[in-house]
Amino acid sequence: MPKPQPPVQKNETITLTFEDLTHEGNGVGKVDGYPLFVPYGLPGEKAQVKVIKVKKNFGFGKLIEVEEESDDRVTPPCDVYYQCGGCQLQHMSYSRQLSMKKGQVENVMKKIGHLEHVPVHDPIGMNDPWRYRNKIQIPVGEKENGELKTGFYQKRTHNIIDMDTCLIQDEPNDRMVEAVRRIATELGIDAYHEESHRGVLRHIMVRTGQQTGDIMVVLVTRTKKLPHQDKLIERITEAYPNVKSIVHNVNKDKTNVILGKETNVIYGDQYIYDTIGDIKFMISAKSFYQVNPTQTKALYDKALEYADLRGGETVIDAYCGIGTISLFLAEAAKKVYGVEIVPDAVKDAKKNARLNNIDNAEFYVGQAEEIMPWWRKQGLRPDVIVVDPPRKGCDEALLTSMLEMEPERIVYVSCNPSTLARDLRILEDGGYETQEVQPVDQFPQTNHVECVTWLDKKER
Ligand code: SAH
């Protein structure tokens, strides 16, 4: 039997009606049952679409013109939205973004977790879903007239888009990038050229403590020397007294990785500070810190509520990073044990505990899936276990040792609903019951979703 041919051909333009949205935020329309995925298409819309890729069971299209618009369509406020790869959902009203994220979580709970009855709450969104990011890392290039330009890469290329503002960045980050670009241009500092691996300034990174107002500027160069270093520092700090730290990072390698190995503080302190709730954090150039502190607070408050601590509990925080969740838990529990794979993060966690006079949190370096069984052998019996793994979810060995430890409750913080649903199924089969899932929108305008989930031990 001849194989059925896809009903569309590459490069033809067709009229398509979108029925659905993918997790990435692409519109889905069907031609005789054959699905086409089209970026920027919204359910209910009828549009002219150019077919750009045809595979056996599905294809991709490009939106040419929307003929019938959805009420959910909005004009993206960013001028470069359609070129830049940073945001995926600016063409969608914020309420639709939230319902899309909720739908995604519900979908994987059913399809991957076989958890039909678990309540998924409406996502906790932001009142103002813009200018939330406290950290920018932006590549530096040159305009034809020799001035420096800064901008993100155009989608699927390494061409730098010339842009003045990024609307999901906190204002001080934008302003500092603009200032450093201008001052460096005035001083005649060259941009790095990726193709020839020549030139100097590769990236400008800015971190802001949203509660303290502190700013850290990191200048990444290919060269060991930062040209005109003293003048650069003088001009930046005179104009911007909130700059508490300037760091020079050297990255000599031909690589996409932004920061190199060598880091020197060339002005002020090694750290800036920020607070989430009543806990203070030290942030260095390289340390991991949540990029949307407002929503992080909402996320941790939920995690704490789900942990339901009364003061006498022993808690494990696996994948603890710089101890952010652990320190919140420590305020409400008897003892918290944190485990994290990156040694520098554990150092930061210990420092952050001291900074907040928290002495009932202990941090260990290692793989959670190895440390947990070891703790179990030592006789550690936690009342509550909190996990916050990376996108790939929890290691199976870790899930097994969690089950063997038999905590009353498990709180699972996740940045990937699919691996969350997979892991919840394993925990359900091991004797736990998923009570609720609360999505929190940490990254408005993008297709990322965070969730906090509460599980209880089943009655036996
Ligand atoms: N809970 C922290 C960090 C969460 S990010 C916060 O909210 O800020 C996930 C963390 O897991 C990262 O810090 C990463 O370094 C760590 N990690 C990744 N794999 C790990 C493993 N196998 N064992 C322990 N930690 C791991």
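Residues numbered from 1 in each chain as written. Predicted model: local features only at pLDDT ≥ 70, side-chain atom pairs only at ≥ 80, totals over all residues. Heavy atoms only, no water.

Caption draft 1: Quick look at the overall build of the protein chain. If you tally the helices and strands in the protein chain, you get nine helices and 20 strands. Here the C-alpha radius of gyration of the protein chain, 24 Å, is about what a compact globule of 460 residues would show, namely 23 Å. For the protein chain, the spread of C-alpha atoms along the principal axes amounts to about 70 × 70 × 40 Å. Going through the 460 residues of the protein chain one by one, you find that 55% of them count as buried. (Helix = DSSP H or I, 4+ residues; strand = E, 2+ residues; numbered from the N terminus. Rg over C-alpha atoms; globule rule 2.2 N^0.38 Å. Buried < 20%, exposed > 50% of the residue type's maximum accessible area, 1.4 Å probe, protein only.)

Caption draft 2: Seen up close, the UniProt feature "binding site: S-adenosyl-L-methionine" (unreviewed entry) in the protein chain. The positions that UniProt labels "binding site: S-adenosyl-L-methionine" (unreviewed entry) are, in the present scheme, Gln290, Tyr319, Glu340 and Asp388. Mapping Tyr319 onto the fold places it in the loop between strand E14 (314-318) and helix H5 (324-332). When near neighbours in sequence (up to four residues on either side) are disregarded, Tyr319 contacts Val339, Glu340, Ala368, Glu369, Val387, Asp388, Pro389, Pro390, Gly393, Cys394, Asp395 and Leu398. Tracing the backbone shows Glu340 in strand E15 (residues 335-340). Judged by relative accessible area, which is 11%, Glu340 ranks as buried. With residues near it in sequence (within four places) discarded, Glu340 still touches Tyr319, Cys320, Gly321, Ala345, Val346, Tyr364, Val365 and Gly366. A distance of 2.8 Å separates a polar atom in the side chain of Glu340 from the backbone nitrogen of Gly321. (UniProt positions renumbered as here; feature names shortened; annotations may be inferred. Contact = heavy atoms within 4.5 Å. Polar contact = N/O pair within 3.5 Å; in protein donor to acceptor, adjacent residues only side chain to side chain.)

Caption draft 3: Up close: the environment of His197. As for its position among the elements, His197 is in the loop between helix H2 (171-186) and strand E8 (201-208). Not counting residues up to four positions away in its chain, the partners in contact with His197 are Tyr192, Arg202, Arg222, Lys252, Asp253 and Lys254. Side-chain polar atoms of His197 contact the backbone oxygen of Lys252, separated by 2.9 Å.

Caption draft 4: Highlighting the domain arrangement of the protein chain. When the domains of the protein chain are assigned, the result is domain 1 (13-68), domain 2 (98-127 + 292-457) and domain 3 (135-276). Computed from C-alpha atoms alone, the centre-to-centre distance between domain 1 and domain 2 is 37 Å. Counting residues at the interface gives five residues for domain 1, matched by five residues for domain 2. Taking both sides of the interface into account, the surface hidden between domain 1 and domain 2 amounts to around 400 Å²; carbon and sulfur atoms contribute 58%. Looking at the side of domain 1 facing domain 2, the largest losses of area belong to Leu21, His23 and Glu24, adding up to 89% of the total buried there. Scanning the region where domain 1 abuts domain 2 turns up zero salt bridges. Inspection of the region where domain 1 meets domain 2 yields one residue pair in polar contact (both at pLDDT 80 or more). Here the residues of the side of domain 1 that touches domain 2 are counted per class, giving one nonpolar, three polar and one charged. (Domains from an automatic or database assignment. Buried area = accessible area lost by both parts, 1.4 Å probe. Salt bridge = Lys/Arg side-chain N within 4 Å of Asp/Glu carboxyl O. Nonpolar A, V, L, I, M, F, W, Y, C, P; charged D, E, K, R; others polar.)

Caption draft 5: Region of interest: the side chain of Gln169. Here Gln169 shows up in the loop between strand E7 (148-150) and H2. Among the polar contacts made by the side chain of Gln169, one reaches the main-chain carbonyl oxygen of Lys135 at a distance of 3.2 Å. Those residues in contact with Gln169 that lie beyond four places of it in its chain are Arg131, Tyr132, Arg133, Lys135, Ile136 and Asp174.

Caption draft 6: Structural view of the sheet that holds strand E2 (residues 27-31). The mixed closed barrel is built from five strands, whose spatial order is E1-E2-E3-E5-E4. Across the sheet, the axes of successive neighbouring strands diverge by a mean angle of 50°, strand direction being ignored. (Pairing = 2+ DSSP bridges. Axes fitted to C-alpha atoms, helices over the stretch in contact; angles between N-to-C directions.)

Caption draft 7: Molecular detail of the site of the ligand. Taken together, 17 residues lie near the ligand, and Gln290, Tyr300, Thr324, Glu340 and Ala368 sit nearest. Within the contact set of the ligand, an oxygen atom lies 2.5 Å away from a side-chain nitrogen or oxygen of Tyr300. Expressed as a share of its isolated accessible area of 580 Å², the protein-covered part of the ligand is 86%. Of all the elements in the fold, those that place two or more residues in the shell around the ligand are H5 and helix H7 (368-377). In terms of residue class, the shell around the ligand is made up of nine nonpolar, five polar and three charged. (Near = heavy atom within 4 Å. Areas by Shrake-Rupley, 256 points an atom, 1.4 Å probe, with all protein chains shown as cover.)

Caption draft 8: Representation of the side chain of Asp317 in the model. Mapped onto the elements, Asp317 comes out in strand E14. Buried charge Asp317 goes without a salt bridge, the closest partner of opposite sign being Lys335 at 14 Å. Reaching out from Asp317, the side chain makes a polar contact with the side chain of Ser326 at a distance of 2.5 Å. Setting aside its immediate chain neighbours within four residues, Asp317 contacts Ile325, Ser326, Leu329, Val336, Tyr337, Gly338, Val339 and Val386. (Lys, Arg positive; Asp, Glu negative; His and termini not counted.)

Caption draft 9: Local environment of the sheet that holds strand E11 (residues 262-268). Pairing is mixed in the open sheet, where six strands are placed in the order E7-E6-E8-E9-E10-E11. Either end of the sheet is taken by a strand with one partner, and the two such strands are E7 and E11. Across the sheet, the mean angle separating the axes of adjacent strands is 25° when strand polarity is ignored. Pairing of strand E9 (residues 215-221) with strand E10 (residues 243-250) involves seven bridges; the strand directions are parallel. Bridged to Val217 within E10 is Ile246.

Caption draft 10: View of the packing of aromatic side chains. Counted by the stated rule, this structure contains twelve aromatic pairs. Ring geometry for Tyr40 against Tyr81: centres 5.6 Å apart, planes inclined by 70°, an arrangement best described as edge-to-face. Residue Tyr40 is located in the loop between strand E3 (34-38) and strand E4 (46-54), and its partner Tyr81 is located in the loop between strand E5 (59-68) and helix H1 (94-111); the two are separated by 41 residues in the primary sequence. In terms of burial, Tyr40 and Tyr81 fall into one category: buried. Measuring from ring centre to ring centre gives 5.5 Å for Tyr306 and Trp454, while their planes differ by 35°; the resulting arrangement is tilted. Here Tyr306 is found in helix H4 (residues 293-307), whereas its partner Trp454 is found in strand E20 (residues 450-457), with 148 residues between them in sequence. (Phe/Tyr/Trp six-rings, centres within 6.5 Å; stacked < 30°, edge-to-face > 60°.)

Caption draft 11: Summary view of helix H3 (residues 229-239). The set of residues buried in H3 consists of Leu232, Ile233, Ile236 and Thr237. Seen end-on, H3 carries its buried residues on one side only, within an arc spanning 110°. Counted as exposed and oriented over 90 degrees from the buried face of H3: Asp230 and Glu238. Buried residues in H3 make contact with H2, E9, E10 and E11. (Arc of directions from axis to C-beta.)

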